[in-house]
Structure formats: structure tokens, C-alpha cells
Amino acid sequence: MHYPINEIFQTLQGEGCQTGRAAIFIRLQGCPVGCPWCDTRHTWVVSPERQVPVEQVLDRSSQSDGWARLDSQAVLHALQQLGYTARLVVITGGEPCLYDLRPLSGALLEAGYEVQLETSGTQPILIHPAAWVTVSPKVEMKGGFEVLDEALARADEIKHPVAREKHIEELDALLARRCHKPNVQIALQPISQQRQATALAIQTCIERNWRLSAQLHKYLQID
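Residues numbered from 1 in each chain as written. Predicted model: local features only at pLDDT ≥ 70, side-chain atom pairs only at ≥ 80, totals over all residues. Heavy atoms only, no water.

Caption draft 1: Structural context of the pairing of strand β6 (residues 132-135). Relative to β6, strand β5 (residues 114-119) is paired through four bridges, and the arrangement is parallel. Residue pairing in the sheet places Thr-119 in a bridge with Val-135 of β6. After leaving β6, the chain enters helix α3 (residues 149-154) and then returns to the sheet as strand β7 (residues 157-162), a path that is right-handed. (Pairing = 2+ DSSP bridges. Helix = DSSP H or I, 4+ residues; strand = E, 2+ residues; numbered from the N terminus. Right-handed = clockwise from strand over helix to strand, strands pointing away.)

Caption draft 2: Focus on the pattern of salt bridges. Going through the model one piece at a time under the given rule, you end up with nine salt bridges. When the shortest N-O distance is used, the salt bridge between Arg-21 and Glu-114 registers 2.7 Å. Note that Arg-21 is positioned in the loop between β1 (2-12) and β2 (22-28) and Glu-114 in strand β5, a separation of 93 residues in sequence. On the basis of relative accessibility, which here comes to 29%, the residue Arg-21 falls in the partly exposed class. The class for Glu-114 is partly exposed, based on a relative accessible area of 40%. Between Lys-181 and Asp-156 there is a salt bridge whose closest N-O contact spans 2.8 Å. With Lys-181 in the loop between α4 (165-175) and β8 (185-190) and Asp-156 in the loop between α3 and β7, the pair connects residues that are 25 residues apart, well separated along the chain. According to the relative accessible area criterion, Asp-156 is buried, its value standing at 16%. One network of salt bridges, in which partners are shared, links Arg-154, Asp-156 and Lys-181. (Salt bridge = Lys/Arg side-chain N within 4 Å of Asp/Glu carboxyl O. Buried < 20%, exposed > 50% of the residue type's maximum accessible area, 1.4 Å probe, protein only.)

Caption draft 3: Focus on the side chain of Lys-138. Along the chain, Lys-138 falls in the loop between β6 and α3. Despite its burial, Lys-138 remains without a salt bridge, the nearest opposite charge being carried by Glu-95 at 7.0 Å. With residues up to four places along the chain from it excluded, the contact list for Lys-138 reads Val-33, Cys-35, Trp-37, Ser-120, Thr-122, Phe-145, Val-147 and Pro-161. (Lys, Arg positive; Asp, Glu negative; His and termini not counted. Contact = heavy atoms within 4.5 Å.)

Caption draft 4: Up close: the sheet that holds strand β3 (residues 68-71). The mixed open sheet is built from nine strands, whose spatial order is β3-β1-β2-β4-β5-β6-β7-β8-β9. Each edge of the open sheet carries a strand with a single partner, namely β3 and β9 (211-212). Along the sheet, α4 makes contact with β7 and β8, crossing β7 at roughly 155 degrees. In this fold helix α5 (residues 195-208) packs onto β7, β8 and β9, with an angle of close to 160 degrees to the strand it touches most, β8. (Axes fitted to C-alpha atoms, helices over the stretch in contact; angles between N-to-C directions.)

Caption draft 5: A look at α4. Among all positions in α4, only His-167, Ile-168, Glu-170, Leu-171, Leu-174 and Leu-175 are buried. Along the axis of α4, the buried residues cluster in a sector spanning 155 degrees; they form a single face. Taken together, the buried residues of α4 touch α3, β7, β8 and α5. (Arc of directions from axis to C-beta.)

Caption draft 6: A look at the layout of surface pockets. Looking at the largest pocket, its volume works out to about 970 Å³. Lining of the largest pocket is provided by 46 residues; of these, Glu-15, Arg-27, Asp-39, Thr-40 and Gly-93 occupy positions nearest its centre. Breaking the lining of the largest pocket down by element, the ones donating at least two residues are β1, β2, β5, β7, β8 and α6 (216-220). A class-by-class count of the residues in the lining of the largest pocket yields 14 nonpolar, 21 polar and eleven charged. (1 Å grid on protein atoms, 1.4 Å probe; cavity = no way out; pocket = protein on both sides within 12 Å on 5 of 7 lines; lining within 4 Å. Points joined across faces, edges and corners; volume = space filled by probe spheres on them. Nonpolar A, V, L, I, M, F, W, Y, C, P; charged D, E, K, R; others polar.)

Caption draft 7: The arrangement of the packing of aromatic side chains in detail. The final tally for this structure, using the stated rule, is one aromatic pair. Between Phe-9 and Phe-25, the aromatic rings sit 5.3 Å apart at their centres with planes inclined by 10 degrees, giving stacked as the arrangement. Taken together, the residues Phe-9 in strand β1 and Phe-25 in strand β2 connect sequence positions 16 residues apart. Each member of the pair Phe-9 and Phe-25 is classed as buried. Taking NZ or CZ as reference, Arg-87 lies 4.1 Å from the ring centre of Tyr-113, over its face. (Phe/Tyr/Trp six-rings, centres within 6.5 Å; stacked < 30°, edge-to-face > 60°. Lys NZ or Arg CZ within 6 Å of the ring centre and 35° of its normal.)

Caption draft 8: Geometry of a nonpolar patch on the surface. Residues Ile-202, Ile-206 and Leu-212 make up a contiguous nonpolar surface patch of roughly 290 Å² in combined accessible area. Within the secondary structure layout, Ile-206 lies in helix α5. For Ile-206, a relative accessible area of 68% puts it in the exposed group. (Patch = residues over 30% accessible without salt bridge, like charges linked within 9 Å, V, L, I, M, F, W, Y side chains within 5 Å. Areas by Shrake-Rupley, 256 points an atom, 1.4 Å probe, with all protein chains shown as cover.)

Rendered as C-alpha cells:
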């Protein structure tokens, strides 16, 4: 199984339950969801003419729509070559669940890494059972995809983007399906650090004993 990889880099995880942890991010190319606030639009399209050598996606310092084709062993080799020290690997995108992630996640776990997946919940989740799955539900986006019950059921963490009260209502509707784990962690993430969104998220998290995901990396101005 080969994956179209946009970039591999090491930083701190700035979102959700793993906030503050040193992490290696593997960003996959391709996403049909179409979030209007997306800050990685360069990953949406997998253009054959934008395939680049592997070296161009390793420890990349600027955004690009270029991608390289790597299998699981090539990814492990790249991590060794880069000398990264983080033990948490975050598979993100794009929408990584466009692909069967079982070979990649299995190889990473076997090599001693922890694995976290970040997904919109709009695609079937094919990943190793030991991976931590973060579903950030994308409701009524331009792509027209529904949030899947099976994705909510697999989630260890539901990290919901919030700007207005209607987004809280959307999350309530998803939780009302009662297909999530009883102990799932729920976090609200203000969209684009907007002041009103942040205030709403803080108030709701306090009222409901949920977590706040403040996108720490953006406040720290790191990748």
C-alpha cells in the first residue's frame, strides 16, 4: 500500500487530548470534504503532475500541493533518516481515511510509535485497533458527505469545530445518535481563534464538563 504524502514534520500536537505532546505529523494528500475555514487547502487535490521526489516532503518548511508516494517501510525509513525523537505519530490530512491506514498504522505501532488519527468522520476508518482516533465531525460541508455512525463509534475523541451556537446543536445531534463510546472524550475547538467562538466554546465546555481545544500551535506560532 502506497500513500500520497504531502509532508512529514516534527512539532508539538496543538489540538485535542494530546495537546502539548511532541509529535511527528504525516500529512496525506487528498480531501473531498471542502471545509470553508480549512487551513490546508493545498492538500485537497492529488494532481499526478504534482508528484515530487520524497526529499521534497520531508521536514518541509512551507506549504505546497506537491506530494510523494511512500509505502509504510519508506515512511519508517524517512523517520529514521530525519532523526526525529517524538514517539507519537499523527496521521492527518487532507482526509487520511480516503486510504486504508492499517498497513501504515500497524508498521508504526510495531516500530514502537503511538499512533493518532485525525479525520472528519466522513469516510470509513480503516486503521489498527490500537490507534487513537480523533474525529472532528464536518457537518453539511461543500463536499456533501455525511458524518458516519461507524466513525463516531470508533472515535476515542470527538473534537468539534465551533463558531456559533448552531455548531453546538450539530454536535448535540451527532451525540443523540448514541453510537459513540460511553467514555469518548469531547472537545470544542473555536474556528480560527475567533473571539466569539472562543467565548462560546469556553462557556459550553465549563457547562458540560468538556475539553477546550485551543489550537495551541497557532498561539505559539509553530507548525
